[in-house]
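Below are the chains, spelled out letter by letter.
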Amino acid sequence: MTPKQRYLFDLTGYIHLKNVLSDEELQNAQDAVERCVQTPQDELPPGISYGGGGYSNGFSFDKSLEALTLHPKTWPIVKELTDNKPRFNRGSLVAKGPEHDQVIGKLHCAREDCGWQTRRYDVRDGQVHCNDFVVFFYFADVHPGDGGLVVLPGSHKANFERPEGIFFPDPEDPPDELHPALVNVTARAGDAIVLSELLTHGVLIWKPKERYRRFLILRYKTQFFQDTRGHRDPFPPEVMERLSPETRELSQPASYTHIKDIAKSEHVRVT
Ligand SMILES: [Fe+2]
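What you are looking at is a predicted structure, and each value in this text was computed from that prediction instead of being measured.

1. Here's the deal with the sheet that holds strand S9 (residues 148-151)
Part 1 of the reasoning: Taken together, the 4 strands give an open sheet; going across it, the order is S5-S12-S9-S10, and neighbouring strands pair in antiparallel fashion. Two strands in the sheet have a free side with no partner beyond their single neighbour: strand S5 (105-108) and strand S10 (183-184).
Part 2 of the reasoning: Strand direction decides the pairing type here: S5 and strand S12 (residues 201-204), joined by 2 bridges, are antiparallel. Bridge assignment links His 108 to a residue of S12, and that residue is His 201.

Shown next, in the form of structure tokens:
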């Protein structure tokens, strides 16, 4: 993590990384997403299911998507935030058309959803520690005014409950102008966003009729964060078996004393 990334992540609770994907990586990912969208739902690879513009376990549709879990530009950030003890535990592909996101996706964060005791954000020894965060990889452009992701910068460290209705008093009839405390993050194809789950975030109504939202949501936790609902593997067996050994290791829970082989290296190639 560079000093600039660390500063911005600590200050705002997220970072927008521009041009993370090479032209080739972006093209391969876009082609894979298009193939996934064109695949009839009953012919999707085992363990991938579609609903409401999202493909659960969609990261496992193609190696070009799976490889993003260990992308060289985000991997050092994943390693630092988890103190070199990362676990990847969900990867959904979003491919939404103009018919989706026609109402405001309610503002929320893990503190409100799961209880303040469940998530940590801290800085020790010049390093950020965060036990739950997401990385979004964008495959299509978002322009100012389009809608999409909205965040409340700094809210990952908020000390007060968010008063109900403060930003969207009537979610059925959202104001034309955003409250100045909110930011609509407009990422371009090839960008990535790293966001603490403690950051209050939501989704604005998607306005374009001819441009779609296409991105991958990768979720990471510390490897000793046990949110496994009784399962050791975060993905069904049919998904686990087609993953590369590196991704499989990344997805495993482990003790807080263990260092995974993949965490010993700065560059991991998904084989
Ligand atoms: Fe969310």
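2. Some thoughts on the nonpolar core
Part 1 of the reasoning: In this structure, Phe 9, Leu 65, Leu 81, Phe 137, Phe 139, Val 194 and Leu 216 are the most contacted members of the largest nonpolar core, which totals 48 residues.
Part 2 of the reasoning: Per-element accounting of this core gives the leading share, 5 residues, to helix H2 (residues 23-38).
Part 3 of the reasoning: Excluding residues that lie within four positions of it along the chain, Phe 139 makes contacts with Leu 21, Leu 26, Ala 29, Gln 30, Val 33, Leu 65, Leu 68, Leu 93, Ala 189, Arg 214, Phe 215 and Leu 216.
Part 4 of the reasoning: Val 134, Val 142, Ala 187 and Phe 215 belong to the second-largest nonpolar core, a separate cluster that totals 16 residues.

3. Considerations on the packing of aromatic side chains
Each pair of aromatic rings is reported with the distance of its centres and the angle of its planes.
Part 1 of the reasoning: A full pass over the atoms with the stated rule returns 10 aromatic pairs.
Part 2 of the reasoning: Considering the side-chain rings of Phe 59 and Phe 235, the 5.0 Å spacing of their centres and the 50° angle between planes classify their relative orientation as tilted. In this pair, Phe 59 is assigned in the loop between strand S3 (54-56) and helix H3 (63-66) and Phe 235 in the loop between strand S13 (213-222) and helix H6 (237-240), connecting sequence segments 176 residues apart. For the residue pair Phe 59 and Phe 235, the accessibility class agrees, reading buried in each case.
Part 3 of the reasoning: Cluster of aromatic residues (ring-pair linked, three or more members): Phe 59, Phe 88, Phe 133, Tyr 220 and Phe 235.

4. Here's the deal with the coordination of the iron ion
Part 1 of the reasoning: Around the iron ion, the protein contributes the donor atoms His 108 (NE2) and His 201 (NE2), which lie 2.2 Å from the metal centre. Of this pair, His 108 sits in strand S5 while His 201 sits in strand S12; the two residues are 93 residues apart in sequence, bridging distant segments of the chain.
Part 2 of the reasoning: Among the residues examined, His 201 registers a relative accessible area of 9% and is labelled buried.

Each value, and the rule that gives it
- Residues numbered from 1 in each chain as written.
- Predicted model: local features only at pLDDT ≥ 70, side-chain atom pairs only at ≥ 80, totals over all residues.
- Heavy atoms only, no water.
- Pairing = 2+ DSSP bridges.
- Helix = DSSP H or I, 4+ residues; strand = E, 2+ residues; numbered from the N terminus.
- Core = buried A, V, L, I, M, F, W, Y, C linked by side-chain atoms within 4.5 Å.
- Buried < 20%, exposed > 50% of the residue type's maximum accessible area, 1.4 Å probe, protein only.
- Contact = heavy atoms within 4.5 Å.
- Phe/Tyr/Trp six-rings, centres within 6.5 Å; stacked < 30°, edge-to-face > 60°.
- Donors = N, O, S within 2.8 Å, 3.2 Å for Na, K, Ca; no water.

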